[in-house]
Amino acid sequence: MKETKGKLLLVYLGMLLLGIYILAPVTWIVMMSFKSKIDVISVPPKFIFTPTFDNYLALFGLGKVGLLTGTTFLSFFKNSLILALGSVLLSIVLGMPAAYAFARLRFKAKESLAFTFLSFRFVPEITIILPLYVIYQKLNLYNTYTGLILVYQLISLPFIIWMMRSYFEEIPVAIEQAARTDGYSWGRTFFRMVLPLAAPGVAASLVLAFIFCWNNFIFGLMLGGTNTQPVTVGLLSFMGTNEVQWGLMAAATVIAVIPLMVLALSVQRYMVRGLTLGAVK
Amino acid sequence: MAKVELENVHKNYGAKEDAVKGATFTCEDGEFIVLLGPSGCGKTTTLRMITGLESITSGTIRLGGRVVNNLTPQQRNVAMAFETYALYPPLTVYENIAFPLQVMKRSKAEIDKRVHEVAASLSISDILDKYPEGLAGGQKQRVSLARALVREPTVFLMDEPLSHVDADVRYRARAEIKHIHTVSHATMIYVTHDQVEAVALADRVVVMDLGVIQQIGTPLDLYYRPANLFVAGFIGEPPMNLIPCNLTLDGGMLRASWQSRPDLEWRYQTENIPETALRALQAHHNRPVVFGVRPQRLALRAPDAASSDGSLTGKLLVHEFLGKDGIAQAEVDGTVLECITAPSIPFQAGDLVSLSAAFEDVLFFDPDTTRRIEY
Amino acid sequence: MATLEIDRISKSFDSVQALKNVSFDCKNGEFLVIVGPSGAGKTTTLNCIAGVEYPEMGTVYLDGQDVTMAPPQDRDVAMVFETYALYPQFSVRDNLIFPLRSPRSRHSESDIQERVQRVSELLSIDMLLERLPRQLSQGQRQRVSLGRALVRDPKIFLFDEPISHLDAKLRNSMRRELKRMRASLSQTTVYVTHDYLEALSLGDRVVVLFQGEVLQFDQTQMVYNRPAAVEVGLLFGDPPMMFFQGKIDDQSHFVCEDESFMIDARDNAVGLAPGQEVILGLRPTDVRLAPPGSGQVQGEIYSVQNQFDRELVTLKAKEQLFDIVAPVSYAVTEGDKAGIIIPVEVCYFFDKTTHRAI
């Protein structure tokens, strides 16, 4: 028993260190967002200060600290939502049938095709951004939601296809065959049997794809204008030529991260696999 | 090789119940013992305690007379057989067998002598220069065994080594193990859940259930003289027919009348029953017993007009043709009795048949203790 | 209730031909068993009947109608899968109800409840109706999957190795239970297995598949007593049939290729020509152990395995191993000398090149 207690102590210590490592930057940003302009830049950094909501109020166009650009922070936030949601929606419509086909059907060059989709993820975005910029200017896609959602498919589509393929493959094909011989058409089988069984996987891949889209920076920067730029790019506007508004940036970061946190926590329980195992093994 | 002794060995994993409850048995030098039981019966735990991979909660384990309770597997010098043979592919058969001795820093001459001795005893002298890759399964098994035997282990331990061998060659793999045991005189302890494997290989079988040893005996002991109802039901295929009855012994007649329908009874004239059996059964006069008869010993005949010793009339439900023999299932008062028959029988499903068992093929069990009434 | 006819179906996967001109039929109410080693094409054949796969050539007739390309839901077949394929998110009750609520079946609510009740009692799973599949034991899952097929009145039942995942003891007792159940049901059934005991026990007729080809399609007893090919003999029997290559000499004797033994085949020589190269098949249950000096084969006992009331004796003669099933009373031990008596009427002769029975 002594031995196990000692072990437990070590485990807790390790977890504590890991927790500090992960949470320190987050704590720092949150603290910064509640500091006044002077407290933010004070050296050595202050751990005890009078918290202020000025930064948050300013982000929404209220309060006394002014924004550098004419647009409000809220519009960046809205852009991010539209872009990420739109991209994921398009990816699911295109990607789910593709993933099912890769998982279940036999056709020529299946693996090569699947790999081609995955390879989109290998190419650094920076290498294609200039030609894309030219093409987008010509096609009038520059600074449009449509244009950005299309280019975001490079991020979300391969991801969704590969994640969902493996979730579909985990569902034993015999369950589908059973439902078919039990008198259900392919469509009904898919929506009544396959999709509910894959639901945790679908939810998980959707959220992860959403997060990847939300976090993207370079596409928004190069192919979006002031009307369409997402939060990640918007943060840049707090950096002026002669002043960086650290407090505002921190507050904006906190707000930008909140949707991700909520999403990640809400699907945490769906990440648990093994729902299908009991019936077949 | 050495004698293995277990004395009141317990294992507790922290639960209320012990996983192994007082295992006591002896495996003589050169004997082949098989631990048999359903999954979770404690057989693998027992083997692991002998190996030293698992500590023992209480009791004593002796290898060759030496108490080894607190020794590591290396110190116990036991050999474990691996399912995959675990031969080293870049080494020849000779080098594979020599390897454990080289690790022990033995002299070249001694190594050479030992390798050739062991190889000769397992008839693999002619393949010493070959590499494992080109060997047949049986040869690999011998090489793997030779490598274990060369360092003269105290005991050879095997945990379901044939579970991944295809069913159609398993009987040959068993023949190989059995043959190797005969020529090597190794002490072997073998774990399996498969009764066919157990009786095929063992000199004696240790039957376990729920952490308790149920019976230790030769395959024929288990089959003809099962110690209790568990062994009777577990050993044999199909399982023994067991019927709850009430026993009476008077008027020159032994009657086992069915508890579900007292007018159904197995009757035997006491004049044909040995004295010892009568005396043992007398103690159960007017008491419940479980009547047991193996399907191999229950004869299926045309219904007799006059009921003779030990027979009942039933209705034939189905008969299975199984090639070399057949199994008939007959119903008596809602109870299905099974009997082994010839491949085909002159009866149809639905026919009335007589089911009879000679007294010497019948076993009686005490339902309170579940033990067989011995005589 | 229906008839089934499979007419020369073929199918291949990635250049491997899984089925080659497979033909057989199944009469109304017949229990047909397809047996073969793994990879023989058994499941593919069954899938083509169910409609979850389609043959590249050939025709499947159900009740006289060509259903070769019909989707599974239009065929009205019930299938029991090797992996059980229970719906994991449904309770046992809902698993049983699922086929009864399909768009194609019309059952009143009271009829559905009554069927579920009847089938779950028949299979002794009525205490488990509210459980989820993952809360069941192997044997119970297998019963539920049987139940899901039995609640319907399909044209035909398809069983894909339904009990091969169970351990030996449970498998044997399930087989006997299926045999009993079979006596009270009369649906047309196609049953796939690799276990010859299931085939012999359950089948009215048996199709033996090997590497995508039908080797024998016959009455059950004929498949055991008159195997049409080496592979059929190998499949039916435990321990399996032994095979020896050899030649027929001028006196109609079979001479083993290493000349370790010969058998006077004059009384069983129909179709055998002098000089013909043949394969001799012998069942370990058909040959007898004899004292040294008698019988056609002389050798040394290699190992003795107890089989309760019998013994499986392996005898080594020159480099050949012989298996003999002997009564336990015939006490021999390793190293003893012994002979084997091979009655000529138990010899099966096969052609050396085609592997077909002579």
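Residues numbered from 1 in each chain as written. Chains lettered and ligands numbered in written order. Predicted model: local features only at pLDDT ≥ 70, side-chain atom pairs only at ≥ 80, totals over all residues. Heavy atoms only, no water.

## Here we look at the sheet that holds strand β5 (residues 65–66) of chain C
Residue and element names in this part refer to chain C.
(1) Moving on: Taken in spatial order, the four strands make up an open sheet running β2-β1-β4-β5, and their pairing is antiparallel. What marks the edges here is a single partner per strand, and that holds for β2 (16–26) and β5.
(2) Moving on: In this structure, strand β1 (residues 4–13) lies alongside β2, joined through seven bridges in antiparallel fashion. In the sheet register, glutamate 5 faces β2, and the bridge partner there is aspartate 25.
(3) Moving on: In the packing of helix α1 (residues 42–50) onto the sheet, the strands contacted are β1, β2 and β4 (57–62), and the crossing angle to β1 comes to about 120 degrees. (Pairing = 2+ DSSP bridges. Helix = DSSP H or I, 4+ residues; strand = E, 2+ residues; numbered from the N terminus. Contact = heavy atoms within 4.5 Å. Axes fitted to C-alpha atoms, helices over the stretch in contact; angles between N-to-C directions.)

## Brief notes about the state of the cysteines
(1) Moving on: Going through the model one piece at a time under the given rule, you end up with zero disulfides over all chains.
(2) Moving on: Free cysteine: Cys347(C), not disulfide-bonded; nearest cysteine sulfur from Cys256(C) at 12 Å. (Disulfide = S-S within 2.5 Å.)

## With respect to the sheet that holds strand β9 (residues 204–209) of chain B
Residue and element names in this part refer to chain B.
(1) Moving on: The strand order across the open sheet built from six strands is β6-β7-β8-β3-β9-β10, with neighbouring strands paired in mixed fashion. For this open sheet the edge positions go to β6 (79–81) and β10 (212–217), each flanked by a neighbour on one side alone. Each adjacent strand pair in this sheet contributes to an overall mean axis angle of 20 degrees, direction not counted.

## Regarding the pairing of strand β11 (residues 241–250) of chain B
All names here are of chain B.
(1) Moving on: Here seven bridges tie β11 to strand β14 (residues 287–293), and the two strands are oriented antiparallel to one another. From the neighbouring strand, leucine 247 faces β14, where its bridge partner is arginine 287.
(2) Moving on: The turn linking β11 back onto strand β12 (residues 253–258) is made up of two residues, and glycine 251 within it adopts a positive phi angle of 60 degrees.

## Things to note about unusual backbone geometry
(1) Moving on: The omega torsion across Glu237(B) and Pro238(B) is -10 degrees, close enough to zero to call that bond cis.
(2) Moving on: Within the element layout of this structure, Pro238(B) appears in the loop between α9 (229–234) and β11.
(3) Moving on: A cis amide bond links Asp238(C) to the next residue, Pro239(C), at an omega of -5 degrees.
(4) Moving on: With phi around 55 degrees, His185(B) is a residue other than glycine that occupies positive phi space.
(5) Moving on: Positionally, His185(B) belongs in the loop between α6 (167–184) and β8 (188–192).

## A closer look at the interface of chain B and chain C
(1) Moving on: Listed per partner, the contact involves 39 residues of chain B and 34 residues of chain C.
(2) Moving on: Carbon and sulfur atoms make up 57% of the area that chain B and chain C hide from each other, which totals about 3,300 Å².
(3) Moving on: On the chain B side of the contact with chain C, Tyr171(B), Phe321(B) and Lys324(B) bury the most area, a combined 21% of that side's loss.
(4) Moving on: The interface formed by chain B and chain C holds four salt bridges in total.
(5) Moving on: A salt bridge links Glu320(B) to Arg175(C), with the shortest nitrogen-to-oxygen separation between them at 2.7 Å.
(6) Moving on: Counting across the chain B and chain C interface gives 21 residue pairs in polar contact (both at pLDDT 80 or more).
(7) Moving on: Taken together, the elements giving at least two residues each to the side of chain B that touches chain C come down to α6, α7 (195–201), α8 (219–224), α9, β16 (311–321), β17 (326–332) and β18 (335–341) of chain B.
(8) Moving on: Counted by class, the side of chain B that touches chain C contains 18 nonpolar, nine polar and 12 charged residues. (Buried area = accessible area lost by both parts, 1.4 Å probe. Salt bridge = Lys/Arg side-chain N within 4 Å of Asp/Glu carboxyl O. Polar contact = N/O pair within 3.5 Å; in protein donor to acceptor, adjacent residues only side chain to side chain. Nonpolar A, V, L, I, M, F, W, Y, C, P; charged D, E, K, R; others polar.)

## Observations concerning the interface of chain A and chain C
(1) Moving on: In this complex, chain A contributes 24 residues to the contact, which on the side of chain C involves 32 residues.
(2) Moving on: Put simply, chain A and chain C have three salt bridges between them.
(3) Moving on: Taking the shortest distance from any N to any O, the salt bridge between Arg148(C) and Asp182(A) comes out at 3.9 Å.
(4) Moving on: On inspection of chain A and its partner chain C, the count reaches 10 residue pairs in polar contact (both at pLDDT 80 or more).
(5) Moving on: For the side of chain A that touches chain C, the elements supplying multiple residues, two or more each, are α8 (173–181), α9 (186–215) and α13 (277–280) of chain A.
(6) Moving on: Broken down by element, the residue count for the side of chain A that touches chain C peaks at seven residues, all from α8(A).
(7) Moving on: Broken down by class, the residue content of the side of chain A that touches chain C amounts to 12 nonpolar, six polar and six charged.

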